[in-house]
Amino acid sequence: MSVKAYGAYAADKPLEAIDIERRPVGAHDVQIAIAYCGVCHSDLHQVRSEWDGTLYPCVPGHEIVGHVTAVGDHVSTFKVGDAVGVGCMVDSCQSCAACDEGLEQYCETGFTGTYNGPTADAPGHTLGGYSQSITVKDDFVLKISHAPEQLAAVAPLLCAGITTWSPLRHWKAGPGKKVGIVGIGGLGHMGVKLAHALGAHVVAFTTSESKRQDALALGAHEVIVSRNADEMAAHAGSFDFILNTVAASHDLDAFTALLKRDGTLTLVGVPEHAHPSPNVAALIFRRRAIAGSLIGGIAETQEMLDFCAEKGITSEIEMIAIQDIEAAYARMQKSDVKYRFVIDNATLAR
């Protein structure tokens, strides 16, 4: 099936309208008409080959929401008309311990990404959600139970939501815990909302005084301007957990110094250049840890979506037409969005 999409043919070329092929619906497949697709910073990194291994043509997009238009003969979980989502994964080997534990993102042989992943379908790699339709194995399709009018704002939950939910749950953010969220952007604003909803005492870190009121409105109990040495020092040794969403190289020591004994600083942003080496003594003498976390498995993504539907949580978004994607990328690089762009995929028909 031929569908309209937006993609790039080289790292130095802008995204443009292209036609792509989607495979026929197999026995275990779900075909989805894409209503909206969130714009993740990783889309920009990948399409411009700032990360290794980009395959062209590259059609980005892994924050996908829409409605089921067809299902395979062996699909019983979904039916035509259902509101569904697709996140960062569309396949994994499903044969190692990671998959057995619902941690497909840590598959020992590597999961298949929603775009730029290996596939038997033409052109030999997966093509993402900047398109009218996608066909996905039923194991990687997610149910959405938010109200229909919230569908566009649900899209970023499929990456920004689960990327912050997974570490918050793993490190047991909740009542009685002091949790920091570094960076109030596409990921960080979801981290603040989710940590608050989980019952933690939430402290937001920003480099800009102008974001203080925004962070409080999102649910932070306190806000620290990280460039203010006095504000930082006042919280030394007091955090159980800090989630660092910043995808630029920066000094981690300023945040590890704020951890309690046995506290953890977890990174979810991949910088273009490596962070400076941390002060190892600051870790050793307080048994502190620096850790990393990658998106989330299908089961915990569904858990996150259900939790957000129950609590009325969505992402803060700005809707764009697909024809404005290059302008959105330029604004995203300047952090000029509150807090996630979402493509109205109906504009692909223009």
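Residues numbered from 1 in each chain as written. Predicted model: local features only at pLDDT ≥ 70, side-chain atom pairs only at ≥ 80, totals over all residues. Heavy atoms only, no water.

A. Highlighting the overall build of the protein. A tally of regular secondary structure across the protein gives eleven helices and 17 strands. By the compact-globule yardstick of 20 Å for 350 residues, the protein fits well, its C-alpha radius of gyration being 20 Å. Seen through its C-alpha atoms, the protein measures out along the principal axes to roughly 60 × 40 × 40 Å. Partitioning the contacts of the protein with sequence separation of at least 6, the portion at a separation of at least 24 is 67%. Of the accessible surface of the protein, which amounts to about 14800 Å², a share of 51% is contributed by carbon and sulfur atoms. Within the protein, one finds 27 positive and 40 negative side-chain charges whose respective centroids are separated by 7 Å. (Helix = DSSP H or I, 4+ residues; strand = E, 2+ residues; numbered from the N terminus. Rg over C-alpha atoms; globule rule 2.2 N^0.38 Å. Contact = heavy atoms within 4.5 Å. Areas by Shrake-Rupley, 256 points an atom, 1.4 Å probe, with all protein chains shown as cover. Lys, Arg positive; Asp, Glu negative; His and termini not counted. Charge placed at Lys NZ, Arg CZ, Asp CG, Glu CD.)

B. Geometry of a nonpolar patch on the surface. Residues Val-280, Ile-284 and Phe-285 make up a contiguous nonpolar surface patch of roughly 370 Å² in combined accessible area. Topologically, Phe-285 is positioned in the loop between helix H9 (280-284) and strand E15 (289-292). (Patch = residues over 30% accessible without salt bridge, like charges linked within 9 Å, V, L, I, M, F, W, Y side chains within 5 Å. Salt bridge = Lys/Arg side-chain N within 4 Å of Asp/Glu carboxyl O.)

C. Fine view of the packing of helix H4 (residues 160-170) against helix H5 (residues 188-197). Relative to each other, H4 and H5 sit at 45°, their axes nearing to 9 Å. As summarised for this structure, H4 and H5 are arranged oblique, according to the angle between their axes. The chirality of how H4 crosses H5 is right-handed. Contact residues: Ala-160, Gly-161, Thr-164, Trp-165 and Leu-168 in H4; Met-190, Gly-191, Leu-194 and Ala-195 in H5. Per-class residue counts for the contact of H4 with H5 are six nonpolar, three polar and no charged. (Axes fitted to C-alpha atoms, helices over the stretch in contact; angles between N-to-C directions. Parallel < 35°, antiparallel > 145°, perpendicular 65-115°, else oblique. Left-handed = near helix turned anticlockwise from the far one by under 90°. Nonpolar A, V, L, I, M, F, W, Y, C, P; charged D, E, K, R; others polar.)

D. Looking closely at the pattern of salt bridges. Following the criterion strictly, the structure yields 16 salt bridges and no others. A salt bridge links Glu-303 to Arg-169, with the nearest nitrogen and oxygen atoms 3.0 Å apart. Of this pair, Glu-303 sits in helix H10 (residues 298-311) while Arg-169 sits in helix H4, and the two are 134 residues apart along the sequence. Note on Glu-303: relative accessible area 32%, which makes it partly exposed. The closest approach of N and O atoms between Glu-209 and Arg-212, which form a salt bridge, is 2.7 Å. You can call Glu-209 partly exposed: its relative accessible area is 47%. In this structure, a network of salt bridges that share partners links the residues Arg-23, Asp-29 and Asp-121. (Buried < 20%, exposed > 50% of the residue type's maximum accessible area, 1.4 Å probe, protein only.)

E. Just the pairing of strand E8 (residues 133-137), in detail. For E8, a buried count of four out of five residues is recorded, marking the element as mostly surrounded by other parts of the structure. In this structure, strand E3 (residues 29-38) lies alongside E8, joined through five bridges in antiparallel fashion. Following the sheet pairing, Ile-32 is matched in E8 by Ile-134. (Pairing = 2+ DSSP bridges.)

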